[in-house]
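The residues making up each chain are set out below.
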Amino acid sequence: MAYPAKYRYTKEHEWIDASDNNLATIGITDYAQHALGDVVFVELPKSGAEIKTGKSFGSIESVKAVSDIYAPASGEVVEANAELQNKPETINTDPQGAAWLIKVKLSNPAEISGLMDAKAYEAFIAEKEKEASA
Amino acid sequence: MLPSIFANQNRTETSKYSFMSEARKTPLNALHRRLGAKMVNFGGWDMPVEYPSSGGLLAEHRAVRNGAGLFDVSHMGDIRIKTARTKGGALAAVQHLTMNDASKLAVGQAHYSAMLYPEGTFVDDVIVHRLGEDDFLLVINAGTREKDIGWVRKNTAHLDCVVEDLSDAWTQLAIQGPRAIEVLQKLTTADLSQIKGYWFTHGTVCGFANTLIARTGYTGEDGFEIYIPSDVAASEKTWNSVIDAGSEYGIVPCGLGARNTLRLEAKMALYGHEISDSINVWEAGLDRYCKMDKGDFIGRASLEEAKRKPLTRTLVGLEMVERGIARDEYRCWGEAGAEIGVVTSGSPSPTLGKNIALAYVKPEMSELGTTILVEIRSQKCRAKVVATPFYKRARKAAAQPVAN
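What you see is a predicted model; the values in this text were computed from it and never measured. (Residues numbered from 1 in each chain as written. Chains lettered and ligands numbered in written order. Predicted model: local features only at pLDDT ≥ 70, side-chain atom pairs only at ≥ 80, totals over all residues.)

## Looking at the overall build of chain B
Then comes step 1: Across its full length, chain B holds ten helices and 19 strands.
Then comes step 2: For a compact globule of 404 residues, the expected C-alpha radius of gyration is about 22 Å, and chain B comes in at 21 Å, within 12% of that figure.
Then comes step 3: Residues counted as buried form 50% of the 404 residues belonging to chain B.
Then comes step 4: Sequence-distant contacts in chain B: of pairs separated by 6 or more residues, those separated by 24 or more amount to 67%. (Helix = DSSP H or I, 4+ residues; strand = E, 2+ residues; numbered from the N terminus. Rg over C-alpha atoms; globule rule 2.2 N^0.38 Å. Buried ≥ 20, exposed ≤ 12 C-beta atoms within 10 Å, placed from the backbone. Contact = placed C-beta atoms within 7 Å.)

Dropping the structure here:
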């Protein structure tokens with residue numbers, strides 16, 4: 001699965017799409033869903049909740065493990081993806097599209113510039129894969 | 001957000017063996033990687049947790065419940081105990097070391113048992129196979145190998161037996177599932193229908209003569225475990241032959257993830273979780289494998305004493321009523337507000353479609369139907385005590401009597 005050029009990426013494998021002015025969309029990458037395996041449960045904040053850069057704002061559970069999701073930027077949650085409540089497995093099939101997690105009104109959009117672009121993220125995970133197969 | 005897969009596996013052991021920085025590999029390691037398996041460190045071993053090429057953990061789990069699955073379990077250890085001089089020496093050693101009554105084993109028979117500390121807590125759980133009148137094989141856990149072999153040597157030094165560590169001599173494969181017998185039968189001269197559950201035989205498998213074939217497993221399903229030579233060529237040849245033979249039954253390679261959900265549904269204990277060096281036999285509910293009347297054995301005196309006192313905790317099965325998945329080490333609370341126990345294993349149950357768990361709770365909270373609150377990321381989620389095992393396979397129906 002390709003990593004969209006308009007997204008920015010974290011080392012914790014979240015993506016953020018801040019192309020829509022200040023209303024950003026956040027999700028996890030294809031690399032992350034693959035590492036997780038079958039997703040069975042998603043816990044997301046309610047709209048109105050504050051998220052803070054680098055802090056956990058929810059969790060995703062696969063059959064075998066729980067993983068925290070970290071905020072790529074700070075802001076206020078405007079909407080959480082309600083579809084994921086009943087269909088968490090969408091995260092495995094379309095993590096970078098239909099299975100977005102939250103929409104956020106960013107408090108400091110400039111933060112995004114510190115994140116990796118698609119090319120840098122691809123290089124980052126290529127390095128990870130190399131470590132794993134060593 | 002990378003998952004800490006199996007972070008708590010064998011937690012009581014990892015600290016002791018943390019000096020082993022280099023993960024050990026089974027002879028099938030390269031094959032797992034070629035298959036694209038996700039690998040994890042399990043008890044010091046670099047093992048496949050799931051195979052995306054099999055469809056992942058859930059698909060692997062279902063293959064074992066409905067057809068067949070193949071597991072590399074070569075990380076398990078094997079200790080052989082033979083008589084040194086006088087008939088009965090090996091039996092006496094096994095009786096001293098383990099809690100079940102090995103004198104009841106016929107040659108060709110195996111049983112579940114455990115080695116205990118003097119305190120009546122667990123060194124490890126083991127499958128004891130009686131290879132001959134004076135010849136036993138103990139199959140032990142991967143994460144406890146060094147500890148176990150040291151324990152066996154130390155505690156049998158004064159006895160009339162020879163102890164051999166055969167852990168690296170074999171590649172151990174588990175073929176599990178209702179169709180496992182048909183899969184393996186294609187590859188062996190032995191008549192598998194003649195092997196009852198927890199019995200074994202020796203036969204030629206994939207051209208390897210005198211292969212130990214045991215009707216055992218860790219999935220709650222029918223199946224076999226075979227012990228073949230541990231060189232890479234023999235191991236890969238056998239693995240591929242089993243996959244080919246099983247293709248018509250939908251066999252897939254299965255990893256430790258499915259092994260864990262399968263054993264949990266069947267309520268089979270995992271060392272470091274339901275049993276450990278701080279949990280005793282009565283608490284773990286393994287009474288029926290502990291034969292107090294067989295004569296003395298390590299741990300017996302403490303268990304005798306413990307039996308006179310009421311239990312302070314007991315192992316129960318939980319089913320989540322509210323949304324949420326109970327996980328290892330989550331705390332349990334009563335409705336009245338008191339902390340009453342801890343989860344030892346928890347997962348979604350692929351077979352039941354529910355979230356299940358095993359937990360140690362205060363005995364007064366162990367009645368079926370009791371409400372227990374599991375603390376999941378600071379939220380207390382409702383669960384109830386349910387009967388175990390969570391899953392029990394349907395036994396093949398006996399021949400129906402003809403109506404007249």
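## Some words on the overall build of chain A
Then comes step 1: A tally of helices and strands in chain A yields four helices and nine strands.
Then comes step 2: Along chain A, helices (α) and strands (β) appear in the sequence β-β-β-α-β-β-β-β-β-α-α-β-α when read from the amino end.
Then comes step 3: Computed over the C-alpha atoms, the radius of gyration of chain A is 14 Å, within 12% of the 14 Å expected from 2.2 N^0.38 for a compact globule of 134 residues.
Then comes step 4: Across its three principal axes, chain A shows a C-alpha extent of roughly 45 × 35 × 25 Å.
Then comes step 5: Every one of the 134 residues in chain A was classed for burial, and the buried ones make up 42%.
Then comes step 6: Considering only contacts within chain A whose residues lie at least 6 apart along the sequence, 63% involve residues at least 24 apart.

## As for helix H7 (residues 232–246) of chain B
Two residues of an α-helix separated by three or four positions point the same way, owing to the 3.6 residues in each turn.
Residues and elements named next belong to chain B.
Then comes step 1: Between its first and last C-alpha, H7 extends 21 Å over 15 residues, near the 21 Å set by a 1.5 Å rise per residue.
Then comes step 2: Listing the buried residues of H7 in full gives Ser235, Thr238, Trp239, Val242, Ala245 and Gly246. Looking straight down H7, one finds that the buried residues subtend no more than 135 degrees of arc, so they occupy a single side. Among the exposed residues of H7, those pointing more than 90 degrees away from its buried face are Ala233 and Asn240.
Then comes step 3: The elements touched by buried residues of H7 are helix H2 (29–34), strand E3 (69–72), strand E9 (170–176), helix H6 (180–185), strand E10 (200–205) and strand E12 (223–229). (Expected span 1.5 Å × (residues − 1). Arc of directions from axis to C-beta.)

## A look at the interface of chain A and chain B
Then comes step 1: Each partner contributes to the interface: chain A provides 23 residues, whereas chain B provides 19 residues.
Then comes step 2: When contributions to the side of chain A that touches chain B are tallied by element, the ones reaching two or more residues are helix H1 (30–36), strand E4 (39–43), strand E6 (56–62) and strand E7 (66–70) of chain A.
Then comes step 3: Among the elements that line the side of chain A that touches chain B, the one with the most residues is E7 of chain A, at five residues.
Then comes step 4: For the side of chain A that touches chain B, a count of residues per class yields eleven nonpolar, six polar and six charged. (Nonpolar A, V, L, I, M, F, W, Y, C, P; charged D, E, K, R; others polar.)

## Regarding the environment of Gly255 of chain B
Residue and element names in this part refer to chain B.
Then comes step 1: In this structure, Gly255 sits in the loop between strand E13 (252–254) and helix H8 (256–265).
Then comes step 2: Taking the C-beta count within 10 Å as the criterion, Gly255 has 28 such neighbours and is therefore assigned buried.
Then comes step 3: Sequence separation between Gly255 and Ile226 is 29 residues, and the spatial gap between their C-alpha atoms is 17 Å.
Then comes step 4: If we ignore the near neighbours within four places in the chain, the residues touching Gly255 are Ala37, Pro48, Val49, Glu50, Tyr51 and Glu60.

## Considering the sheet that holds E7 of chain A
All names here are of chain A.
Then comes step 1: Read across the open sheet, the three strands follow the order E4-E6-E7; overall the sheet is antiparallel. In this open sheet, the two strands that pair with only one neighbour each are E4 and E7. Recorded for the sheet is a direction-independent mean angle of 25 degrees between the axes of neighbouring strands.
Then comes step 2: In this sheet, E6 lies alongside E4 in antiparallel orientation, the contact comprising four bridges. What sits directly across from Val42, in E6, is Ile60. (Pairing = 2+ DSSP bridges. Axes fitted to C-alpha atoms, helices over the stretch in contact; angles between N-to-C directions.)

## Observations regarding helix H4 (residues 89–97) of chain B
Then comes step 1: If you check which residues of H4 of chain B are buried, you get Ala90, Leu91, Ala93, Val94, Gln95 and Leu97 of chain B.
Then comes step 2: Looking at the buried positions of H4 of chain B, the neighbouring elements they touch are strand E4 (77–83), strand E5 (110–116), strand E6 (122–132), strand E7 (135–140), helix H5 (145–156) and strand E8 (161–165) of chain B.

## Remarks on the sheet that holds E3 of chain B
Residues and elements named next belong to chain B.
Then comes step 1: Taken in spatial order, the six strands make up an open sheet running E10-E11-E12-E9-E3-E13, and their pairing is mixed. Looking at which strands have only one partner, the edges of the open sheet turn out to be E10 and E13. On average, each strand axis in the sheet is tilted by 30 degrees relative to the strand beside it, whichever way the strands run.
Then comes step 2: In terms of strand pairing, E3 meets E13 through three bridges, oriented parallel. Looking at E13, one finds that Gly69 is bridged to Val252.
Then comes step 3: Packed on one face of the sheet, helix H3 (residues 57–66) meets E3, E9 and E13 and runs near 110 degrees to E13.

## Notes on the environment of Gln194 of chain B
Then comes step 1: By the element assignment, Gln194 of chain B lies in the loop between H6 and E10.
Then comes step 2: Once the C-alpha coordinates of Gln194 of chain B and Arg65 of chain B are considered, the two residues, 129 residues apart in sequence, prove to be 22 Å apart.

## Structural notes on the nonpolar core
Residue and element names in this part refer to chain B.
Then comes step 1: Ile175 and Ala326 are the most contacted members of the largest nonpolar core, which totals 143 residues.
Then comes step 2: Broken down by element, the residue count for this core peaks at six residues, all from strand E17 (residues 354–361).
Then comes step 3: When residues no more than four places from it in sequence are discounted, the contact partners of Ala326 are Leu318, Met320, Val343, Gly346, Asn355, Ala357, Val374, Ile376 and Ala383. (Core = buried A, V, L, I, M, F, W, Y, C linked by C-beta atoms within 7 Å.)

## Points about the confidence of the model for chain B
Residue and element names in this part refer to chain B.
Then comes step 1: In the predicted model, chain B carries a mean pLDDT of 93, and 93% of its residues have values of at least 70.
Then comes step 2: Taken together, the stretch residues 3–20 has pLDDT below 50 and engages in 34 contacts with residues farther than four places along the chain or on a different chain.
Then comes step 3: Confidence over residues 398–404 falls short of pLDDT 50; this stretch has zero contacts with residues more than four positions distant or in other chains. (pLDDT = per-residue confidence, 0-100.)

## Here we look at unusual backbone geometry
Then comes step 1: Put simply, Thr388 of chain B and Pro389 of chain B share a cis peptide bond, and its omega is 0 degrees.
Then comes step 2: Inspection of the secondary structure puts Pro389 of chain B in the segment after strand E19 (379–386).

## Some words on the packing of H4 of chain B against H5 of chain B
Residues and elements named next belong to chain B.
Then comes step 1: Put simply, H4 and H5 touch, their axes get as near as 10 Å, and they point 120 degrees apart. Here H4 and H5 pass one another in a crossing that is right-handed. Across from Ala93, His96 and Leu97 in H4, the residues of H5 making contact are Val152, Asn155 and Thr156.
Then comes step 2: Tallied by class, the residues present in the contact of H4 with H5 amount to three nonpolar, three polar and no charged. (Left-handed = near helix turned anticlockwise from the far one by under 90°.)

## Details of the pairing of strand E3 (residues 23–28) of chain A
All names here are of chain A.
Then comes step 1: The sheet contact formed by strand E2 (residues 14–17) and E3 spans four bridges and is antiparallel. Across the sheet, Glu14 pairs through a bridge with Ile28, a residue of E3.
Then comes step 2: The turn joining E2 and E3, which pair antiparallel and follow one another in sequence, is formed by five residues; a positive phi near 45 degrees is taken by Asn21.
Then comes step 3: Here four bridges tie E3 to strand E9 (residues 102–106), and the two strands are oriented antiparallel to one another. When the bridges of E9 are listed, Ala24 appears paired with Val104.

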